Amino acid sequence: MSTRPVPTRNALTGALAQVGGCGLFLLTLLAAIPRSFRYVRETLRQLWFVGAMSLTIIMVCGLFVGMVLMLQLYHVLSIFGGTSASGMVVALSVYRELGPVVTALLFAGRAGTSITAEIGLMRATDQIDAMEMMAVDPIAYVGTPRFLAGLIAMPLLCCVFCAMSVLGGHLVGVTWLGIDNGTFWSNMTAVVDLRTDIVNGVLLKSLAFGAVVTLIAVYQGFTTPPTSEGVAYATTRTVVASSIAILALDFVLTAFLM
Amino acid sequence: MSQPRNSYAVGTGLFIVLGFAALVYLATQTTSVANTHQGASYIVDTHFANIGQLKERAPVKIAGVRVGQVQSITLAPGAEVADVKLAIDKNYDKIPLDSVATIFTSGLLGDQYVGIVYGTSKKTVAEGGTLALTKPAEQLEDMLGKFFGAGGMADNLGGTYTVTATFSNVGTLSAGAAVKMAGVPIGSVQSVVADPVKLDAKVTLAIDNRYNQIPDDSSAAVFTSGLIGSQFVAIQPGGSPDALKNGDEMVLTQSAMQLEDLIGKFLVNGSSSTDKKDAGNGKPGDKSSDTPSPTTPAGKQ
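Since this is a predicted model, take the numbers as computed values, not measurements.

J.: Account for unusual backbone geometry, with residues named and values stated.
T.: Residues and elements named next belong to chain B. Residues other than glycine seldom take positive phi values, yet A182 does so here, at roughly 55°. Along the chain, the position of A182 falls in the loop between β10 (178-181) and β11 (184-194). The buried category is assigned to A182, whose relative accessible area is 8%. With a phi close to 60°, L199 is a non-glycine residue in the positive phi region. Structurally, L199 is set in the loop between β11 and β12 (201-207).

Structure below.
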């Protein structure tokens, strides 16, 4: 079972062991999906926790990202007399890049850390071992529900983020800076494409990010050294590793999907 | 974590509903799907000699008001004109048969759309009917060329059916650029290399085998998509009964026009490079050069 803490060796082999352990752990999680069906309520509870509880931060951040993006674009585009295109640029940049990436980073900070801390504390207080003693599969009961919840929650959160960004852009652009309302929407609808921007950009990317972030969070939780210091260390590592993974994966996905 | 069961079930339900509502909102209100209000519409056929950058789902407008969209753009093998199908709202079924379909550009750099200018005929065009009168998209180079009298410039060249063409100037044309006929892509540029002896650019065009009935006196020209777009090779069909075949020679090419050259000519009377081109045609450019410009764009080149 790959839920044992990875002993730290030197930096390189340590990092490689992390990556390899993570990959093996993904297989363990996926293999446990059929067994976790009997814990559907647990999955639902996790969905509530990582998804519904993250709505506030996602909505507020989405609104502000849209607003600040519009403000910046307006000033740059006014040099060229192209302010009417700013709504379109806000939508495109949010759908293709900012939406999935910022949502994933926020998700890693909001949900990933708490998943790691919770599982890590379970490990530190021997609850995981207790489950095994009671013949409850900790992967199927603790790991997979959280992974599935993250997988479902991320695309939905990303959609909410993008919608709020567009509204934020509309708020600043139309009501404050005086871009024409019809121009704002028609320029946007003329350029944004359902398949390349919404499906490939918003949904596919956020699905991949959701999988990566929750995988790292759950893995770090299960491999936490069973000390209070270890929990703190694992939580930090979740944020660092997910951030790097999100941005690197974003580049790869963009290169493939564009 | 200690919430009673129902509160998180309701909260999760709300979250899922909100997420999907946001997705539906993004997909329907902010994408081009918002434009495809496919109500009852009927199809009208048009044929354009050149569609420029017209794209599928581009708007069809009457008096500037959107009445439908471009359904499909095809180029039949062997044909010289692009077949454009317009899906027009059933509410606007009184379009006179002699109306003119024209490809316009929104602004200088905007997207292109099909505008229908009403004729006077009592007969109206029916479902599946054809609007016979069309006006193709104006290419900026064509217009500038006519204006400066440089439209008829031609160089000699040789080629094969991956046709090679020789241009005295290809501008920023690069391998992979499109080869278009009547505005529809029919192939791509395979390579652009400088000829070490003739000191001009040798361009290899790979043309789709379906288009094997291009007259062998057709000309190839390097055009720009819009004012600042990428460059492509446009093939303008000639009138010869014989078709271009693998190993055949195209005899007419028109090199890329440099915007700086043209503007320079427009502003400054008689830069040395104009002599050649002015010899071939009228000199409308001379009229405008009566007022010398304070700037000297020739220095930019």
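J.: Give me the pattern of salt bridges: which residues, what numbers.
T.: When charged atoms on two side chains of opposite charge get close, those side chains can pair. Residues and elements named next belong to chain A. Tallying each qualifying case throughout the model produces 11 salt bridges over all chains. Put simply, R35 and D137 hold a salt bridge, and the shortest N to O gap is 2.0 Å. Of this pair, R35 sits in helix α2 (residues 33-36) while D137 sits in the loop between α6 (127-133) and α7 (138-176), and the two are 102 residues apart along the sequence. Between E42 and R45 there is a salt bridge; the shortest N-O distance is 3.4 Å. Of this pair, E42 and R45 both sit in helix α3 (residues 40-50), separated by 3 residues, roughly a single helical turn. The burial state of E42 is the same as that of R45; both residues are buried. One salt-bridge network, in which partners are shared between bridges, spans E42, R45, E118 and R146.

J.: Help me get a handle on the sheet that holds strand β7 (residues 130-131) of chain B, residues and values and all.
T.: Residues and elements named next belong to chain B. Ordered in space as β7-β1-β4-β3-β2-β6-β5-β8, the 8 strands form an open sheet in which the pairing is mixed. Either end of the sheet is taken by a strand with one partner, and the two such strands are β7 and β8 (133-135). Strand direction decides the pairing type here: strand β1 (residues 41-48) and strand β4 (residues 82-89), joined by 8 bridges, are antiparallel. Counted as the bridge partner of D45 is K85 from β4.

J.: Could you give me a rundown of the packing of aromatic side chains, with the residues and numbers involved?
T.: Scanning the model with the defined rule gives 6 aromatic pairs over all chains in all. Relative to W185 of chain A, the ring of F184 of chain A lies with its centre 5.1 Å away and its plane at 90°, an arrangement referred to as edge-to-face. Looking at F184 of chain A, the relative accessible area reads 1%, which means it is buried. Summarising the aromatic geometry, the rings of F223 of chain B and F232 of chain B are spaced 6.2 Å apart at their centres and angled 85° between planes, so their arrangement reads as edge-to-face. Residue classification places F223 of chain B among the buried positions, given a relative accessible area of 1%. Members of the aromatic cluster, connected to one another through ring pairs, are F25, Y219 and F222 of chain A. Here the guanidinium or amino end of K61 of chain B rests over the ring plane of Y113 of chain B, the centre of that ring lying 4.4 Å away. The lysine or arginine in question, K180 of chain B, covers the ring of F232 of chain B, its NZ or CZ lying 4.4 Å from the ring centre.

J.: Would you mind going over the environment of G109 of chain A in detail, with residue names and values included?
T.: Within the element layout of this structure, G109 of chain A appears in helix α5 (residues 86-124). Residues G109 of chain A and T235 of chain A lie 126 residues apart in sequence; the distance between their C-alpha atoms is 9.5 Å.

J.: Break down the interface of chain A and chain B for me, with residues and values.
T.: Each side of the interface is counted separately: chain A has 30 residues, and chain B has 26 residues. Carbon and sulfur atoms supply 75% of the area that chain A and chain B bury against each other, a total of about 2500 Å² over both sides. The largest per-residue losses of area from chain A upon contact with chain B belong to W48, L156 and T189 of chain A, which jointly make up 26% of the total buried on that side. Inspection of the region where chain A meets chain B yields 0 salt bridges. Remark: the boundary between chain A and chain B carries 0 residue pairs in polar contact (both at pLDDT 80 or more). For the side of chain A that touches chain B, the secondary structure elements donating two or more residues are α3, α4 (55-80), α5, α7, α8 (181-191) and α9 (194-222) of chain A. Here the side of chain A that touches chain B gets 9 residues from one element, more than from any other, and that element is α7 of chain A. A breakdown of the residues in the side of chain A that touches chain B according to their chemical character gives 24 nonpolar, 2 polar and 4 charged.

Reading the values: the criteria
- Residues numbered from 1 in each chain as written.
- Chains lettered and ligands numbered in written order.
- Predicted model: local features only at pLDDT ≥ 70, side-chain atom pairs only at ≥ 80, totals over all residues.
- Heavy atoms only, no water.
- Helix = DSSP H or I, 4+ residues; strand = E, 2+ residues; numbered from the N terminus.
- Buried < 20%, exposed > 50% of the residue type's maximum accessible area, 1.4 Å probe, protein only.
- Salt bridge = Lys/Arg side-chain N within 4 Å of Asp/Glu carboxyl O.
- Pairing = 2+ DSSP bridges.
- Phe/Tyr/Trp six-rings, centres within 6.5 Å; stacked < 30°, edge-to-face > 60°.
- Lys NZ or Arg CZ within 6 Å of the ring centre and 35° of its normal.
- Contact = heavy atoms within 4.5 Å.
- Buried area = accessible area lost by both parts, 1.4 Å probe.
- Polar contact = N/O pair within 3.5 Å; in protein donor to acceptor, adjacent residues only side chain to side chain.
- Nonpolar A, V, L, I, M, F, W, Y, C, P; charged D, E, K, R; others polar.

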